[in-house]
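Given next are the chains, with one letter for each unit.
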Amino acid sequence: MQPIDCRLCGNTVLVEKYSNQHTSIQWLEASATSCQRFAERLARGDRLGTDESCSALNASIDGAAAAGEIDLSLRSYPTPGKLG
Ligand SMILES: [Zn+2]
């Protein structure tokens, strides 16, 4: 997995891509506090599902993938990642 920063929040998550459609995201911190989008929705009283993601983060991941910054994984399961 490799770190990707959300362009909106600056929040860093770990990402592993298996195909163009299949991306695994590992949050390093609670999304409700680390992501601006989630925090805004919680402040409005929205309920957040466990599989929800930040649209700005998704766009950041798509952009990094399009720029060739994310290597496709040959594995079929996530590997533990770490920063640095
Ligand atoms: Zn975000």
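So, here's what we can say about the structure. (Residues numbered from 1 in each chain as written. Predicted model: local features only at pLDDT ≥ 70, side-chain atom pairs only at ≥ 80, totals over all residues. Heavy atoms only, no water.)

1. What about the overall build of the protein?
1) Next: The helix and strand tally for the protein stands at 3 helices and 3 strands.
2) Next: The linear arrangement of helices and strands in the protein, starting from the amino end, is β-β-β-α-α-α.
3) Next: The C-alpha radius of gyration of the protein comes to 13 Å, within 12% of the 12 Å expected for a compact globule of 84 residues.
4) Next: Overall, the C-alpha framework of the protein stretches about 40 × 25 × 25 Å when taken along its three principal axes.
5) Next: The buried share of the protein, reckoned over its 84 residues, is 26%. (Helix = DSSP H or I, 4+ residues; strand = E, 2+ residues; numbered from the N terminus. Rg over C-alpha atoms; globule rule 2.2 N^0.38 Å. Buried < 20%, exposed > 50% of the residue type's maximum accessible area, 1.4 Å probe, protein only.)

2. Points about the coordination of the zinc ion
Tetrahedral coordination by four donors puts the ideal angle at the metal at 109.5 degrees, and octahedral coordination by six puts it at 90 or 180 degrees.
1) Next: The coordination sphere of the zinc ion contains the protein donors Cys 6 (SG), Cys 9 (SG), Cys 35 (SG) and Cys 54 (SG), at a distance range of 2.2 to 2.7 Å.
2) Next: If you look at the zinc ion, its 4 donor atoms make angles of 87 to 169 degrees with each other, and the shape they trace is irregular.
3) Next: Every donor residue of the zinc ion comes from the same chain, spaced as C-x2-C-x25-C-x18-C. Of this pair, Cys 9 sits in the loop between β1 (2-5) and β2 (12-17) while Cys 35 is found in the loop between α1 (31-34) and α2 (36-43), placing the two residues 26 residues apart along the sequence.
4) Next: On the basis of relative accessibility, which here comes to 22%, the residue Cys 9 falls in the partly exposed class.
5) Next: The class of Cys 35 is buried, set by a relative accessible area of 2%. (Donors = N, O, S within 2.8 Å, 3.2 Å for Na, K, Ca; no water. Tetrahedral: all angles 85-135°; square planar, octahedral: opposite > 155°, others 65-115°.)

Just geometry here; none of it tells us what the structure is for.
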